[in-house]
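# Report on the structure
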Amino acid sequence: MSDSERPRSDEVLLVDIDVRSSRRLARLLEDDGFNVQVLCDGASAISRLARAPLPGTLITELAVPLTDGESVARFARSQDPEMQIVVLTRHPHLMNAASFPSPAPVILTKPLEYPRLLELLRERQVEKTHASGLFLRSNSGW
Amino acid sequence: MPTETRFQELKRYVRLDERDCGLLRAFGQLAAPELPRIAEQFYDRIREHEDAHAVLNGEQQIKRLQRSLVAWLTRVCGGVYDEAYHEQTAVIGRVHVRIGLPQRYMLTAMALIRVELLRIAARFLGEHSGPTQEALVRVLDLELAIMLEAYKDSYVERIEQAARQERTDLGAALADAEHRYVSAVELAGVIIVGLDAQGRIQLFNREAERVSGYARDEVLGRPFLDVIGCDDATDDLGQRLTAVLSAKVASGVFSGAMRTRSGKLRDVAWSVNAAGDLTTDGVVALATGRDITDEKTREDRARQNERLAAIGTLAAGLAHEIRNPLNGAQLHVSFLERAIVRKSNQDDMLEATRVVGDEIRRLANLVTEFLDFARPKPPELKPTSLVKAMEHVCGLVEPTAKSARVELACDLPSSDVEFPADAAKLTQVLLNLLNNAVESTAANGGGTVILRGRRGPRQVFIDVEDDGPGLPSPDAPIFDAFYSTKEGGTGLGLAITHRIVTDHRGTIDVSSRPGKTSFHIALPLEQGAGV
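Residues numbered from 1 in each chain as written. Chains lettered and ligands numbered in written order. Predicted model: local features only at pLDDT ≥ 70, side-chain atom pairs only at ≥ 80, totals over all residues.

Turning our eyes to something else, we now look at the overall build of chain B. Looking only at helices and strands, chain B has 17 helices and 12 strands in total. Considering only contacts within chain B whose residues lie at least 6 apart along the sequence, 64% involve residues at least 24 apart. (Helix = DSSP H or I, 4+ residues; strand = E, 2+ residues; numbered from the N terminus. Contact = placed C-beta atoms within 7 Å.)

Here it is, written out as structure tokens:
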């Protein structure tokens, strides 16, 4: 099954040690129609990304316990070249986006502007809907 | 009676008369065969003496000179002593001078000839030789007198020439010394002010004019302390000047200030000294000073940067950490805002939450700017188009300007120029200056902001000009960190701007008065050369 044929997940994987803020962010995202799973360390994030179904979006803080956010992001990219990856950080200069396998992740500096994040995710949803539309049309023989 | 010539006068002095002439003529005929022998002896003697021999060169010349000597001896014993004779002897004397024959050898050589001639006379004339010998002594003394005259003439001439040369040299040296003194005072990069006993200005050099803004003729004769706006009762300079003027003692270097013609205060390192005997034109004290305003500003800024670098690591770490709680606060505020809209939609509660959100954004902004300032990244220099950079920034500012009813004019150079710059940082600089200009002009109810780019011989010049109210004070430390006159400003914008420009090895300065504020940036066209 090629990427364009696979239905996209609404699931967002959110990785941050600041659980209280993560839960609040998760509430906002769920309110806006996403399905959010919150994890607070790199190791459990990688083990989650090792099994299907993969989330459509990964949002990870750069500094997380038990391996760092960049490794989590690289692992996610190796699992799915199409996955939307957002890196949250207090240190935007620590993330070397140039050496990241294409497509590069979006880097957002904390404090997070929620409307900006929502805009990003919705852009992808529109692309996804568009892609599924094509898939449906071609498969149903229109 | 015709006046006596020098020769006639000499002949009269030695009493050489007609009888002597006859005796000498007779002696000449007798002695003629002996003369070549005398000439030979004469030159043998000369060969024995280095300094005398030095004037001769080669045996051929000696043979010739021996013939000349014989001719001379013949002439001396010729019995005819007229003006022509005198002239011939004078010529010989001048030749001696010209070839550098020392006088002592001429005198001693003459003694040799005298002794030989007297012996010949004694030999030929026996007991009757007395009168002839006397005549010989007279004529030989005459010869000596004439020849010595040539030496005397030469010495007088040399002394006169030396004196003339000395006078010329002395005049030139005096003129030189004065010229040097004047240009040293005028061209010195030091303020030099000469004061009379009452502390009035008698001398005011070019640097003093430059720093103070006064022309010389405006201040000559005026009390120095008045001119530089110093209160003599309280100020250090006044006290020291009074001490120097009364006790004629020197004071050391001390820092003080000086008010310029336009009212600005300049920092000056002064030194006041009693002039002593150095000058005569009524100047009893010299105040010398060095304008250290720029130096001091640079020093202050360097010190500040050092301080910031020292706390930079700690502060940057802290700033990064602040982003986490800000993140939590921001998310919760976003959540609250949404909850209020959904559930109660009370305007005052919504308003309060939005204020909290804005404040959090402001804090976040401060953190970002602080990190930019405290831990700057070196600029990544790439050939950058001046026109493109200007148009890009104008495009970004245009909407803000329009809504603030400010006219934004982009004054491009007639032809584009590329120069090494970090395009992102240059944009940050221009955005910062343009936004400031738009804001201050808008506060005035509208106006015009000009962004102007020009190419200089070695630099690119970028000006940002506005017709707003101007800076509150011309001396305001606007490029210092945390100095802000804007409501809600972080006080870092211009500090970052300054840092970016200096990281590009450029300069930025400002001139401001109500109705016109102008920031002037100069960036090098080539990085290697510097500015």
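Our focus in this paragraph is the overall build of chain A. In terms of helices and strands, chain A carries four helices and five strands. Reading the helices (α) and strands (β) of chain A from amino to carboxyl end gives β-α-β-α-β-α-β-β-α. Across the 142 residues of chain A, 33% fall into the buried class. Residue pairs in contact within chain A that sit at least 24 positions apart in sequence constitute 58% of those at least 6 positions apart. (Buried ≥ 20, exposed ≤ 12 C-beta atoms within 10 Å, placed from the backbone.)

This next bit is on the sheet that holds strand 3 (residues 253-259) of chain B. Residue and element names in this part refer to chain B. Reading across the sheet, the five strands line up as 2-1-5-4-3 and stay open at both edges, with antiparallel pairing between neighbours. Looking at the sheet topology across the chains shown, the edges are occupied by strand 2 (201-204) and strand 3. Sheet twist, expressed as the mean angle between neighbouring strand axes with direction ignored, is 30°. The sheet contact formed by strand 1 (residues 191-195) and strand 5 (residues 285-291) spans five bridges and is antiparallel. Within strand 5, the residue paired with I192 across the bridge is T288. (Pairing = 2+ DSSP bridges. Axes fitted to C-alpha atoms, helices over the stretch in contact; angles between N-to-C directions.)

What follows concerns the nonpolar core. If you look at the biggest cluster of nonpolar residues, it comprises 42 residues, and the most contacted ones within it are V393(B), L430(B), L433(B), L434(B), V438(B), V449(B) and A495(B). Here this core gets seven residues from one element, more than from any other, and that element is helix 16 (residues 423-443) of chain B. Each of domain 3 (297-374) and domain 4 (382-524) of chain B contributes no fewer than three residues to this core. Setting aside residues no more than four positions away along its own chain, V438(B) makes contact with V397(B), T400(B), A401(B), A404(B), V406(B) and V449(B). Membership of the second largest hydrophobic core comes to 28 residues, among which are L39(A), I85(A), V87(A) and L112(A). (Core = buried A, V, L, I, M, F, W, Y, C linked by C-beta atoms within 7 Å. Domains from an automatic or database assignment.)

For chain B, per-residue confidence averages 83 on the pLDDT scale, and residues scoring 70 or more make up 92% of the total. In the predicted complex, the global pTM is 0.45; the interface-specific ipTM is 0.74. (pLDDT = per-residue confidence, 0-100.)

Of the residues lining the interface, 13 residues belong to chain A; the matching set on chain B comes to 13 residues. A per-element tally of the side of chain A that touches chain B places helix 1 (residues 19-31) of chain A first, with six residues.

With that settled, the discussion passes to the packing of helix 15 (residues 386-403) of chain B against helix 16 of chain B. Residue and element names in this part refer to chain B. Where helix 15 meets helix 16, the axes come as close as 10 Å, and the angle between the chain directions of the two elements is 35°. The element helix 15 and its partner helix 16 pack so that their crossing is right-handed. Residue-level contacts link A389, H392, V393, L396, V397, T400 and A401 of helix 15 to A423, L426, T427, L430, L431, L434, N435 and V438 of helix 16. Looking at side-chain class alone, the contact of helix 15 with helix 16 contains 11 nonpolar, four polar and no charged residues. (Left-handed = near helix turned anticlockwise from the far one by under 90°. Nonpolar A, V, L, I, M, F, W, Y, C, P; charged D, E, K, R; others polar.)

All names here are of chain B. Here six bridges tie strand 7 (residues 406-411) to strand 9 (residues 447-455), and the two strands are oriented parallel to one another. Opposite E407, over in strand 9, you have T448 as the bridge partner. With seven bridges joining them, strand 9 and strand 10 (residues 459-466) adopt antiparallel strand pairing. What sits directly across from L451, in strand 10, is V464. Connecting strand 9 to the antiparallel partner strand 10 that follows it, the hairpin turn spans three residues.

Two residues of an α-helix separated by three or four positions point the same way, owing to the 3.6 residues in each turn. The terminal C-alpha atoms of helix 14 (residues 347-374) of chain B lie 40 Å apart, and with 28 residues this matches the ideal 40 Å at 1.5 Å per residue to within 8%. When helix 14 of chain B is considered as a whole, its buried residues turn out to be T353(B), I360(B), A364(B), V367(B), F370(B), L371(B) and F373(B). (Expected span 1.5 Å × (residues − 1).)

All names here are of chain A. Strand 1 (residues 11-15) sits mainly inside the fold: four of its five residues count as buried. Note: strand 1 against strand 2 (residues 35-39), five bridges, orientation parallel. Looking across to strand 2, one finds that E11 is bridged to N35. What joins strand 1 to strand 2 is helix 1, and the crossover it makes is right-handed. Pairing between strand 1 and strand 3 (residues 57-61): four bridges, direction parallel. By the bridge assignment, L14 is partnered in strand 3 with I59. (Right-handed = clockwise from strand over helix to strand, strands pointing away.)

Within a sheet, each strand pairs with its neighbour through backbone hydrogen bonds, oriented either parallel or antiparallel. All names here are of chain B. Taken together, five strands build an open sheet; the order of strands is 7-9-10-12-11 and the sheet is mixed. Two strands close off the open sheet at either side, each with one partner strand: strand 7 and strand 11 (507-513). The sheet shows a mean angle of 10° between the axes of neighbouring strands, direction not considered. Its contacts with the sheet put helix 15 on strand 7, strand 9 and strand 10, and the angle it makes with strand 7 is roughly 175°. Docked against the sheet, helix 16 engages strand 7, strand 9, strand 10 and strand 12 (516-524), running at close to 155° with respect to strand 9.

How two helices pack is summed up by the angle between their axes together with the distance between the axes. Residues and elements named next belong to chain B. At a closest axis distance of 9 Å, the pairing of helix 3 (residues 35-47) and helix 5 (residues 59-76) adopts a crossing angle of 130°. The pairing of helix 3 with helix 5 is recorded here as oblique in orientation. As for how helix 3 packs across helix 5, the hand of that crossing is right-handed. Facing helix 3, whose interface residues are L35, P36, I38, A39, E40, F42 and Y43, helix 5 presents I62, L65, Q66, L69, V70, L73 and T74. Of the residues that constitute the contact of helix 3 with helix 5, the class distribution is 11 nonpolar, two polar and one charged. (Parallel < 35°, antiparallel > 145°, perpendicular 65-115°, else oblique.)

We now examine the confidence of the model for chain A. Residues and elements named next belong to chain A. Summarising the model, chain A shows a mean pLDDT of 82, and 82% of its residues fall at 70 or more. Taken element by element, chain A is modelled with least confidence in helix 4 (residues 114-139), mean pLDDT 68, and with most confidence in strand 2, mean pLDDT 95. Here residues 1-6 is modelled with pLDDT under 50, and outside its nearest four sequence neighbours on either side it reaches five contacts, counting other chains as well.

What follows deals with the environment of Y483(B). Residue and element names in this part refer to chain B. Position of Y483 relative to the elements: it lies in the loop between strand 10 and helix 17 (493-503). Note on Y483: 14 C-beta atoms within 10 Å, which makes it partly exposed. Here the alpha-carbon distance between Y483 and A495, two residues 12 residues apart in the chain, equals 8.6 Å. Setting aside its immediate chain neighbours within four residues, Y483 contacts P477, I478 and G491.

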